[in-house]
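The lines below spell out each chain.
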Amino acid sequence: MRSLNSPAAVDLKSLIRTAGTTRVGSGHRSIQCNVNSSTNQATGVSFGSGRARYEWQSACAILASKVESQQQDTQKSGADVVNGHATLDLVPVKDQSTLKKPLSIADFSPAPLHGAQLRVAYQGVPGAYSEAAAGKAYPNCEAIPCDQFEVAFQAVELWLADRAVLPVENSLGGSIHRNYDLLLRHRLHIVGEVQLPVHHCLLALPGVRKEYLTRVISHPQALSQCEHTLTKLGLNVVREAVDDTAGAAEYIATNNLRDTAAIASARAAELYGMQILADGIQDDSGNVTRFVMLAREPIIPRTDRPFKTSIVFAHEKGTSVLFKVLSAFAFRNISLTKIESRPHRHRPIRLVDDANVGTAKHFEYMFYIDFEASMADVRAQNALAEVQEFTSFLRVLGSYPMDMTPWSPSSSAADD
């Protein structure tokens, strides 16, 4: 057999100096001792067996002991070492108090209490009756004016406001149909109601007399509510409709219109620096507007106080089903406070084929009903279960406390 020859002695320094090392971080090394059965590529020395292999293993041991001693020196110097590597502070922090703390359950505070620090959206400008209704519904709230009814709905849906207070009907002018349509289009819930007595005033710029007026502007409802009184005052004026009552006062003050008067509240006169030419000009002293309070989530219905529930439904078999729906409430002695019909927006026309009369076209309607009962009342639950059998669509808009606050009729400047 042919034996492998090897040098008589091996230079350990050369082995240590030429052994493969890799520098990592600040002075730490990883060791690689690769032994080839034939030839060491670093030194060109051939190791076959016996003494040469022993000397090579000894060199690796010496090299490993030196690296280990360097690691121990580093640990003694105070540096943090993990798996043989020094750890680095990526973000040096001197003051721990400046760091942002993680969120805890305490950071998710509950909803504000009733009327406390709420942002309430309303349609109009400061001085509008809707602003007064928002203040009555939520005292000390932050009132947020909106230029349109739908903007108030969207403000709550987009979390720009916590509540919205919008009018739905007036004792003289009737229902505000626009808001009934928006109640169906949006997914907000009625959580309360407030009734606000309306006290109209005739406003003009300081120094303007009634004889100089040629035009009166206000909301269409306000104009209709003061129609007879304006005639009795002997005003030969043109009546023009604008978006809201306080907006009419603001428009006159901004443009310095000395031939125009506005029908608005006394607060609007104070805000926009106008004088009151006539106070309490509504035709009926019992002029009241009903507002509803809207929120993203419904409230829990109760039975310890008077509640009202608002629903909307539709049916496919014409108005003949309406009697059955109303009977569901009558049989359970549940009083209805309102019933309103609105044409179905998506299916306004219904065709009826009769062999005797021919084909007829009828309107399809959505019905809005308010009844005096809480959804926590078993009678109301059973009534709606029966109503659902006769309808193709049924939605509860809200079950909420009734406004039981007393109010006194406004004095009128021209009583009948």
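Our structure's up above, just so we're on the same page.
Conventions adopted
Residues numbered from 1 in each chain as written. Predicted model: local features only at pLDDT ≥ 70, side-chain atom pairs only at ≥ 80, totals over all residues. Heavy atoms only, no water. Pairing = 2+ DSSP bridges. Helix = DSSP H or I, 4+ residues; strand = E, 2+ residues; numbered from the N terminus. Axes fitted to C-alpha atoms, helices over the stretch in contact; angles between N-to-C directions. Contact = heavy atoms within 4.5 Å. Phe/Tyr/Trp six-rings, centres within 6.5 Å; stacked < 30°, edge-to-face > 60°. Buried < 20%, exposed > 50% of the residue type's maximum accessible area, 1.4 Å probe, protein only. Expected span 1.5 Å × (residues − 1). Arc of directions from axis to C-beta. Parallel < 35°, antiparallel > 145°, perpendicular 65-115°, else oblique. Left-handed = near helix turned anticlockwise from the far one by under 90°. Nonpolar A, V, L, I, M, F, W, Y, C, P; charged D, E, K, R; others polar. Core = buried A, V, L, I, M, F, W, Y, C linked by side-chain atoms within 4.5 Å.

*Asks:* Sorry, what's going on with the sheet that holds strand β16 (residues 307–314) here?
*Replies:* Backbone hydrogen bonds are what pair the strands of a sheet, in a parallel or an antiparallel way. The four strands are arranged β17-β20-β16-β21 in an open sheet whose pairing can be described as antiparallel. Bordering the open sheet on either side are β17 (336–343) and β21 (393–401), each of which pairs with just one other strand. Ignoring strand direction, the axes of neighbouring strands in this sheet form an average angle of 15°. Along the sheet, helix α11 (residues 378–390) contacts β16, β20 (365–371) and β21; its crossing angle with β21, the most-contacted strand, is approximately 160°.

*Asks:* Can you walk me through the packing of aromatic side chains in this structure?
*Replies:* Remark: the centre distance and the inter-plane angle together describe each pair of aromatic rings, the angle taken between the planes. Under the criterion given, the structure shown has four aromatic pairs. Ring geometry for F329 and F371: centres 4.9 Å apart, planes at 40°, overall tilted. Taken together, the residues span a long stretch of sequence, with F329 in helix α10 (residues 322–330) and F371 in strand β20 at a distance of 42 residues. The same class applies to F329 as to F371, namely buried. Between Y365 and F367 the ring centres are 6.3 Å apart and the planes differ by 50°, which places this aromatic pair in the tilted class.

*Asks:* Would you mind showing me how to read the environment of M274 here?
*Replies:* Summarising the element assignment, M274 is placed in the loop between α9 (266–271) and β14 (275–279). Along the backbone, M274 and A249 are 25 residues apart, and their C-alpha atoms lie at a distance of 7.8 Å. Excluding residues within four positions of it along the chain, M274 makes contact with L203, A204, L205, P206, A249, I252 and A269.

*Asks:* Honestly, the sheet that holds strand β11 (residues 215–218) in this entry has me stumped. Any pointers?
*Replies:* Ordered by their spatial adjacency, five strands build an open sheet running β12-β11-β13-β10-β14, and the pairing between neighbours is mixed. The sheet is open, and its two edges are formed by β12 (238–241) and β14, each paired on a single side. Across the sheet, the axes of successive neighbouring strands diverge by a mean angle of 30°, strand direction being ignored. Pairing analysis gives three bridges linking β11 to strand β13 (residues 260–264), with the strands arranged parallel. If you follow I217 over to β13, its bridge partner there is A262. Its contacts with the sheet place helix α8 (residues 245–255) against β10 (201–204), β11 and β13, and it is angled at close to 150° to β13.

*Asks:* Any chance you could explain α11 here in plain terms?
*Replies:* Side chains of residues three or four places apart in an α-helix project in the same direction, reflecting 3.6 residues per turn. When the terminal C-alpha atoms of α11 are compared, their 19 Å separation across 13 residues agrees well with the 18 Å that a helix rising 1.5 Å per residue should span. If you check which residues of α11 are buried, you get A380, A383, L384, E386 and V387. Seen from one end, α11 has its buried residues packed into an arc of 160°, which puts them on one side. In α11, the exposed residues that point more than 90 degrees away from the buried face are V378, Q388 and E389.

*Asks:* Even after reading the chapter, I still don't get the environment of H186, so can you show me in this structure?
*Replies:* The topology assignment puts H186 in the loop between α5 (177–185) and β9 (189–197). A residue is classified by how much of its surface remains accessible, and H186, at 7% relative accessible area, is buried. Separated by 29 residues in the primary sequence, H186 and E157 have C-alpha atoms spaced 8.6 Å apart. Setting aside residues up to four positions removed in sequence, H186 forms contacts with E150, F153, Q154, E157 and R395.

*Asks:* I tried to follow the packing of helix α4 (residues 149–157) against α5 on my own but got confused; where do I start?
*Replies:* Helix-helix packing is described using two parameters, namely the angle between the two axes and the distance between the axes. In contact at an axis separation of 10 Å, α4 and α5 are set at 30° when each is read in the N-to-C sense. Here α4 is positioned roughly parallel relative to α5, judged by the angle of their axes. Judged by the twist between their axes, the crossing of α4 over α5 is right-handed. For the pair α4 and α5, contact is made by F149, E150 and F153 and by R178, N179, L182, L183 and R185, respectively. Of the residues belonging to the contact of α4 with α5, the class tally is four nonpolar, one polar and three charged.

*Asks:* What is the right way to look at unusual backbone geometry in this model?
*Replies:* Only a minority of non-glycine residues have a phi that is not negative, and only a minority of peptide bonds are not trans. Even without a glycine there, the phi angle at N256 is positive, about 55°. Along the chain, N256 falls in the loop between α8 and β13. Note on N256: relative accessible area 49%, which makes it partly exposed. Residue N333 is not a glycine yet carries a positive backbone phi of 60°. Summarising the element assignment, N333 is placed in the loop between α10 and β17.

*Asks:* Can you walk me through the nonpolar core in this structure?
*Replies:* Most often, soluble globular proteins keep nonpolar side chains buried together rather than apart. Membership of the largest hydrophobic core comes to 33 residues, with the highest contact counts inside it found for L202, L203 and I263. Listing elements by their share of this core, those giving two or more residues are β10, β11, α6 (220–225), α8, β13 and α9. Other than its neighbours up to four places away in sequence, L203 contacts A249, T260, A261, A262, A264, S265, A268, A269, M274, Q275 and I276. A121, A164, L183 and Y368 belong to the second-largest nonpolar core, a separate cluster that totals 25 residues.

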